[in-house]
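Reading the structure
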Amino acid sequence: MEGIKTIAIDGPSASGKSSVSKGVAAELGFIYSDSGALYRGVTWQAIRKGVDPQDAAAVTECMLSAEWSFFVQDGAAIFSIDGDIPVQELRGKDVRESVAVVAAIPEIRRFVVESLQSLANFGSLVMEGRDIGTVVFPDSPYKFYLDADPEERAMRRYRELVAAGEDEKAHEVLDSLKKRDQIDATRKMDPLVVAPGAQVIDSTAMTLADVIKTVVDAVKKGDTK
Ligand code: CDP
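Described below are features of the structure shown in this document.

About the thresholds
- Residues numbered from 1 in each chain as written.
- Predicted model: local features only at pLDDT ≥ 70, side-chain atom pairs only at ≥ 80, totals over all residues.
- Heavy atoms only, no water.
- Axes fitted to C-alpha atoms, helices over the stretch in contact; angles between N-to-C directions.
- Helix = DSSP H or I, 4+ residues; strand = E, 2+ residues; numbered from the N terminus.
- Parallel < 35°, antiparallel > 145°, perpendicular 65-115°, else oblique.
- Contact = heavy atoms within 4.5 Å.
- Nonpolar A, V, L, I, M, F, W, Y, C, P; charged D, E, K, R; others polar.
- Buried < 20%, exposed > 50% of the residue type's maximum accessible area, 1.4 Å probe, protein only.
- Pairing = 2+ DSSP bridges.
- Left-handed = near helix turned anticlockwise from the far one by under 90°.
- Near = heavy atom within 4 Å.
- Polar contact = N/O pair within 3.5 Å; in protein donor to acceptor, adjacent residues only side chain to side chain.
- Areas by Shrake-Rupley, 256 points an atom, 1.4 Å probe, with all protein chains shown as cover.
- Salt bridge = Lys/Arg side-chain N within 4 Å of Asp/Glu carboxyl O.

Considering the packing of helix α4 (residues 93–102) against helix α8 (residues 170–186)
Running from N to C, α4 and α8 point in directions that differ by 25 degrees, and their axes come no closer than 8 Å. Judged by the angle between their axes, α4 and α8 are roughly parallel. Residues Lys-93, Arg-96, Val-99, Ala-100 and Val-101 of α4 lie in contact with α8, whose contacting residues are Glu-172, Ser-176, Arg-180, Ile-183 and Asp-184. Among the residues making up the contact of α4 with α8, the classes are represented as 4 nonpolar, 1 polar and 5 charged.

Considering the pairing of strand β6 (residues 142–147)
In terms of burial, β6 is a largely internal element, 5 of the 6 residues being buried. Bridge count between strand β1 (residues 6–10) and β6: 4 bridges; the pairing is parallel. By the bridge assignment, Ala-8 is partnered in β6 with Lys-143. Here β6 pairs with strand β7 (residues 199–202) via 4 bridges, running parallel. Pairing of Tyr-145 across the sheet is with Val-200, part of β7.

Description of the packing of helix α2 (residues 35–48) against α4
Their axes nearest at 9 Å, the elements α2 and α4 cross at an angle of 110 degrees. The angle between the axes of α2 and α4 places the two elements in the roughly perpendicular class. Every pair of crossing elements has a handedness; the one defined by α2 and α4 is right-handed. Between α2 and α4, the residues in contact are Tyr-39, Arg-40, Val-42, Thr-43, Trp-44 and Ile-47 and Asp-94, Val-95, Arg-96, Ser-98, Val-99 and Val-102, respectively. Considering only residue class, the contact of α2 with α4 consists of 7 nonpolar, 2 polar and 3 charged.

Here's the deal with the site of the ligand
If you check the shell around the ligand, you find 20 residues, and the closest are Arg-40, Arg-109, Asp-131, Arg-180 and Asp-184. A distance of 3.0 Å separates an oxygen atom of the ligand from a polar atom in the side chain of Lys-17. At a separation of 3.0 Å, a nitrogen atom of the ligand approaches a polar side-chain atom of Ser-35. The protein chains hide 99% of the 520 Å² of surface that the ligand would expose on its own. Those elements giving two or more residues to the shell around the ligand turn out to be α2, α4 and α8. Counting residues per element, the shell around the ligand draws most heavily on α2, at 4 residues. Looking at the shell around the ligand residue by residue, the classes come out as 6 nonpolar, 4 polar and 10 charged.

Considerations on the pattern of salt bridges
According to the stated counting rule, one finds 12 salt bridges in the structure shown. A salt bridge links Asp-184 to Arg-130, with the nearest nitrogen and oxygen atoms 3.2 Å apart. Highlighted residues: Asp-184 in helix α8 and Arg-130 in the loop between β5 (125–129) and α6 (132–136), separated in sequence by 54 residues. Here the two residues Asp-184 and Arg-130 agree in accessibility, since each one is buried. A salt bridge links Lys-178 to Glu-151; the nearest nitrogen and oxygen atoms lie 3.9 Å apart. Linking Lys-178 in helix α8 with Glu-151 in helix α7 (residues 150–163), this pair joins segments that are 27 residues apart in sequence.

If you want it as structure tokens, here you go:
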């Protein structure tokens, strides 16, 4: 693990974490990792097995009985569940509406956090999520917290979903995003908070390129301290 670096990028839904993290990873030659995809994967697995996402014991059992594999493809850490690699399936409405409830289950968080920590065996990482700087890699010297106004975030997410061919209404996207923010920020285990020592970046009025540069510059500066 000598020389392995982990960059933690946390923040609420649609704050720009994914695009920023992918850009930073590409610029620095690090592996990109989307921790939310794993919570979505657990949720998707439960739904496709007919398990009620509200039933914590059944979701946990379903997760533990599945076969999970982790690997790197095209610069990103990804996973398969029982041999399938879900991508677009993870962004569907059914998953989106249940993922925050599933992610609040302590056993699920323990499994996901350990899986995410093991990804550092693949090399240096840029990982985006809600608790990367606080729980997954609390010792990382490179922590960022991205934020933006809720209306701006909802509009970004709405445009993304419409571009992906989803039939959505802007006000419903805003409501669902606010509901998820509320569950994420108030849950007992690992709520979304700004990690101690994290640099807070409000991206409301910034371009994507500006945010990527802010992170990359801070990491490079940190290296020369
Ligand atoms: O793309 P978006 O930011 O909307 O969501 P995501 O990153 O795919 O995360 C989906 C959900 O997983 C979040 O709403 C959280 O409930 C949960 N999550 C978490 O609890 N901890 C993480 N590190 C990442 C995601």
